[in-house]
Amino acid sequence: MKSEYDIIIAGGGIAGLVTAASAAKHAKQNLRILVIDRNSRQEMGKKTANGWVCGDAVSKNSLDFLETHVGVHYGEPEVEKEVHGVVAFSPDHTSKAMFDGEGYVLNRRLLPKRQLADAEKLGIEFTFDASAEALIAKEGFVTGVKCRSSKDNQTFEKTARLVIDATGSASRLRTGLPIKSYIEKEIDKENDMESTGRYILSFEVGKEDKTFFDPNYCIIHLDQKIAPGGYAWVFPKGQNKVNIGLGVQRRLLENRNRLFGRHDTLQSLIDDYVKSNPVIKNWKLAEGPEDEGNTKGNWQVPVRRQNDCLVANGYMIVGDAAWMPRPIDAGGIGPAIYASTIAGSVAAGAIESNDVSEHGLWKFNSEYVRTYGHRMASFEILRRFLQTLSNDDLNYGMKRFLGQDDVESITRREHPEFRRVSFSPSKIIWALPRLALARGLRYTATKSRKLIQQYTNYPESPEGFSEWHDRFIVELKEAYARLS
Ligand SMILES: Cc1cc2nc3c(=O)[nH]c(=O)nc-3n(C[C@H](O)[C@H](O)[C@H](O)COP(=O)(O)OP(=O)(O)OC[C@H]3O[C@@H](n4cnc5c(N)ncnc54)[C@H](O)[C@@H]3O)c2cc1C
């Protein structure tokens, strides 16, 4: 039976819209591409009823990659603020580390409008107000989606040669995948999902203190009291406008509440964090039309490595639906841009060569892993280790063990080696007071090297996957056991 579309993309967030644009740009002839989103045209890309919930920060490298490979340049108004970098502070604010280089703070409400206009110029079609509820499959291939209209509650079906799932972290398509594949369907919600939330505020400047607000830098506060198992952030959107929020691991928050007889929730922690900031005074929810319906909201972010396999017969996953955000900082816009650019190009090639099988789409796995994804398992281990540390450990570790070369590695998105952690006679003086911390850092550095090496040997075709994955999981589980 002939399909209605070449490609259907479910979910019109950043991942879905970059994938659509990349497929259209890379295709040698016109493809019929349909994007299905549950939002109305006016609210494209809205993640939840609470808005386009995000910290909004993205690195310059990511937008440069998009410009080079898809030919799209974002500027005002979807880019709200340029920043010189991202700085992480220790809990006592005495140590800081440059966590990322130059970047931007986006307006996530306006960005999809720009993407939608660009996409329509490329001939991409849209179905708004429709939820993709389930995948349709025939003879071992995904062949379409069952949808439900939010306008009249009617169900309908759309068919395509290839379906790309970009429906975000709560993807129902992936969990209900009806064909045999290597794609993992479920995430470990307790360990690998972070609860996060934020405000977008305008404010008057109280005290001058660049460890709490800096109009030129995105600030991250590492602090297990403020954000157990996560971190808090103050990202500038202007001289008097800010995106401020935090993320926690629910299990660690519950443990902490039990231990200290507290009843903190994600929202109460966010409110306390805003109140405790000495720079942000007389604040109110941002009021411009560009922020309407988007000033307060919570949502979830996956913080493990990406799904170890991203393709099946007639089906691909990308963005949060594929658990792509970086495990140490939950940054998902950058990985979504890299992955969606590659996904679109591979999808166009697969349609043109008439092979949308797992084999025909496998290049998405191998290219994404080579370009970006190979480091994510190592960051997953670093994240698990950091979650075991106390504030005292974080203060000591950032002061004594984090060298300039480590900071540069983190900025380059590489795993730090922690060379200052040494058990040699001249340096043991720094390691002795925090021996467990020193050993843990050495362990994660060594383990990370192994995981990166294994991911670098990612198989070039599905035939090698099972053997590769079995070996990789043994290595990973050994680290889980050590860090639990
Ligand atoms: C509080 C918070 C702060 C964050 N801060 C940052 C940050 O500062 N920097 C950064 O890089 N990342 C950050 N992230 C992560 C980042 O927001 C995500 O990684 C990114 O938005 C993922 O894009 P996506 O397109 O994959 O998914 P989404 O943005 O979730 O888009 C999914 C789209 O699909 C639609 N959809 C969902 N289900 C269906 C369905 N069944 N049918 C049809 N449509 C559907 C949704 O309505 C939405 O339009 C943050 C996340 C949160 C929650």
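See the structure printed just above.
All figures in this text were calculated on a predicted structure; none of them were measured in a lab.

Parameters at a glance
- Sequence positions are assigned chain by chain, starting from 1 and proceeding in written order.
- The predicted nature of this model means local features are confined to residues of pLDDT at least 70 and side-chain atom pairs, given and counted, to a pLDDT of 80 or more, with totals for whole chains, interfaces and linings taken over all residues.
- By convention in this description, side-chain values take in all heavy atoms of the structure and omit both hydrogens and water.
- Helix and strand definitions here come from DSSP, where helices need a minimum of 4 consecutive H or I residues and strands a minimum of 2 consecutive E residues; each element is numbered from the N-terminal end.
- Expected span, for any helix, means 1.5 Å times one less than how many residues it has.
- Summary of the burial criterion: residues with accessible area below 20% of their type's maximum are buried, those above 50% are exposed, and those between are partly exposed, where the area comes from a 1.4 Å probe applied to protein chains only.
- To be near a molecule or strand, a residue needs just one of its heavy atoms within 4 Å of it.
- Any N or O atom pair separated by 3.5 Å or less is treated as a polar contact, with the protein-specific requirement of one donor-capable and one acceptor-capable atom, and with residues adjacent in sequence counted only for side-chain atom pairs.
- Computed by Shrake-Rupley with a 1.4 Å probe, the accessible areas treat only the displayed protein chains as cover when residues are assessed.
- Gly is put with the polar residues, along with every residue not named as nonpolar or charged; the nonpolar set is Ala, Val, Leu, Ile, Met, Phe, Trp, Tyr, Cys and Pro, and the charged set is Asp, Glu, Lys and Arg.
- All axes are obtained by fitting lines to C-alpha atoms, using only the stretch in contact for helices, and the reported angles, taken between N-to-C directions, cover 0 to 180 degrees.
- Roughly parallel refers to an angle under 35 degrees, roughly antiparallel to one over 145, roughly perpendicular to one between 65 and 115, and oblique to any angle outside these ranges.
- In this scheme, a crossing is called left-handed if the near helix is turned counterclockwise away from the far one by less than a right angle; it is called right-handed if the turn is clockwise.
- Only heavy atoms enter the contact rule, under which two residues are in contact if any of them lie within 4.5 Å.
- Under this rule, positive means Lys or Arg and negative means Asp or Glu; His and the chain ends count for nothing.
- Every case where a carboxyl oxygen of Asp or Glu lies within 4 Å of a side-chain nitrogen of Lys or Arg is listed as a salt bridge.
- The arc refers to the directions leading from the helix axis to the C-beta atoms.
- Under the pairing criterion, centres of Phe, Tyr and Trp rings, with the six-membered ring standing for Trp, must be within 6.5 Å; the plane angle then separates stacked pairs below 30 degrees from edge-to-face pairs above 60, leaving the rest tilted.
- Two thresholds decide whether a charge sits over a ring: the Lys NZ or Arg CZ must be within 6 Å of the ring centre and within 35 degrees of the ring normal.

K.L.:
How should helix α1 (residues 14–26) be read in this particular structure?
P.N.:
Within an α-helix, residues lying three or four positions from one another point in the same direction, as the helix has 3.6 residues per turn. Over its 13 residues, α1 extends 18 Å from the first C-alpha to the last, a length consistent with the 18 Å expected when each residue adds 1.5 Å. Most of α1 is tucked away: ten of the 13 residues are buried. Within the sequence span of α1, burial applies to Ile14, Ala15, Gly16, Leu17, Val18, Thr19, Ala20, Ala21, Ser22 and Ala23.

K.L.:
Explain the site of the ligand here, please?
P.N.:
Surveying the vicinity of the ligand reveals 37 residues, the closest of which are Lys47, Gly55, Ala57, Ala132 and Asp320. Between the ligand and the protein, one listed contact pairs an oxygen atom with a side-chain N or O atom of arginine 108 at 3.0 Å. Contacts to the ligand include glycine 332, whose backbone N or O atom sits 2.9 Å from a nitrogen atom. Bound to the protein, the ligand loses 96% of the 1,000 Å² it would expose on its own. Of all the elements in the fold, those that place two or more residues in the shell around the ligand are α1, β9 (130–138), β12 (193–205), β14 (231–238) and β17 (296–302). The leading source of residues in the shell around the ligand is β9, at three residues. A per-class count over the shell around the ligand returns 16 nonpolar, 14 polar and seven charged.

K.L.:
Sorry, what's going on with the packing of helix α10 (residues 376–386) against helix α14 (residues 435–456) here?
P.N.:
For any two helices packed against each other, one specifies the crossing angle of their axes together with the interaxial distance. Their axes nearest at 8 Å, the elements α10 and α14 cross at an angle of 160°. Relative to α14, the element α10 lies roughly antiparallel. Both α10 and α14 take part in a crossing whose hand is right-handed. For the pair formed by α10 and α14, the contact residues are Ala377, Ser378, Ile381, Leu382 and Phe385 on the first element and Leu437, Gly440, Leu441, Thr444, Lys447, Ser448, Leu451, Ile452 and Tyr455 on the second. A class-by-class count of the residues in the contact of α10 with α14 yields nine nonpolar, four polar and one charged.

K.L.:
Help me out: how do you make sense of the side chain of aspartate 223 in this one?
P.N.:
With respect to the helices and strands, aspartate 223 occurs in the loop between β13 (217–221) and β14. Salt bridges are absent for the buried aspartate 223, whose nearest opposite-charge side chain, lysine 225, sits at 6.1 Å. Each residue touching aspartate 223, except ones within four places of it in the same chain, is listed here: Pro91, Pro228 and Asn391.

K.L.:
What exactly am I supposed to notice about the environment of glutamate 82 here?
P.N.:
Tracing the backbone shows glutamate 82 in strand β4 (residues 79–83). Residue classification places glutamate 82 among the exposed positions, given a relative accessible area of 57%. Leave out the neighbours within four places in its chain, and glutamate 82 touches Gly103 and Tyr104.

K.L.:
Sorry, what's going on with the pattern of salt bridges here?
P.N.:
Pairing between side chains becomes possible if they bear opposite charge and their charged atoms approach one another. Tallied over the entire structure, the rule returns 30 salt bridges. The partner of glutamate 80 in a salt bridge is lysine 241, with the nearest N and O atoms 2.7 Å apart. Of this pair, glutamate 80 sits in strand β4 while lysine 241 sits in strand β15 (residues 241–248), and the two are 161 residues apart along the sequence. In this structure, aspartate 264 and arginine 262 form a salt bridge, with 2.8 Å as the shortest nitrogen-oxygen distance. On the accessibility criterion, arginine 262 (42% relative accessible area) is partly exposed.

K.L.:
Would you explain helix α2 (residues 60–70) in this entry?
P.N.:
Within α2, the full set of buried residues consists of Ser62, Leu63, Phe65, Leu66 and Val70. Here the buried residues of α2 occupy an arc of 150° about the axis, which is enough to place them on one side. Counted as exposed and oriented over 90 degrees from the buried face of α2: Asn61 and Thr68.

K.L.:
How should I be thinking about the packing of aromatic side chains in this particular structure?
P.N.:
The geometry of an aromatic ring pair is captured by two quantities: the separation of the ring centres and the angle between the planes. The final tally for this structure, using the stated rule, is 19 aromatic pairs. Aromatic side chains tyrosine 455 and tryptophan 468 sit 5.0 Å apart centroid to centroid with 80° between the ring planes, which places their arrangement in the edge-to-face category. Placement of tyrosine 455 in helix α14 and of tryptophan 468 in helix α15 (residues 465–483) is noted, with a sequence separation of 13 residues between them. Where tyrosine 458 meets phenylalanine 465, the ring centres are 6.2 Å apart and the plane angle is 65°; that geometry is what we call edge-to-face. Ring pairs connect the aromatic residues Tyr182, Trp362, Tyr455, Tyr458, Phe465, Trp468 and Phe472, which therefore count as one cluster. Note that arginine 384 overlies the ring of tyrosine 480, its terminal NZ or CZ placed 3.7 Å from the centroid.

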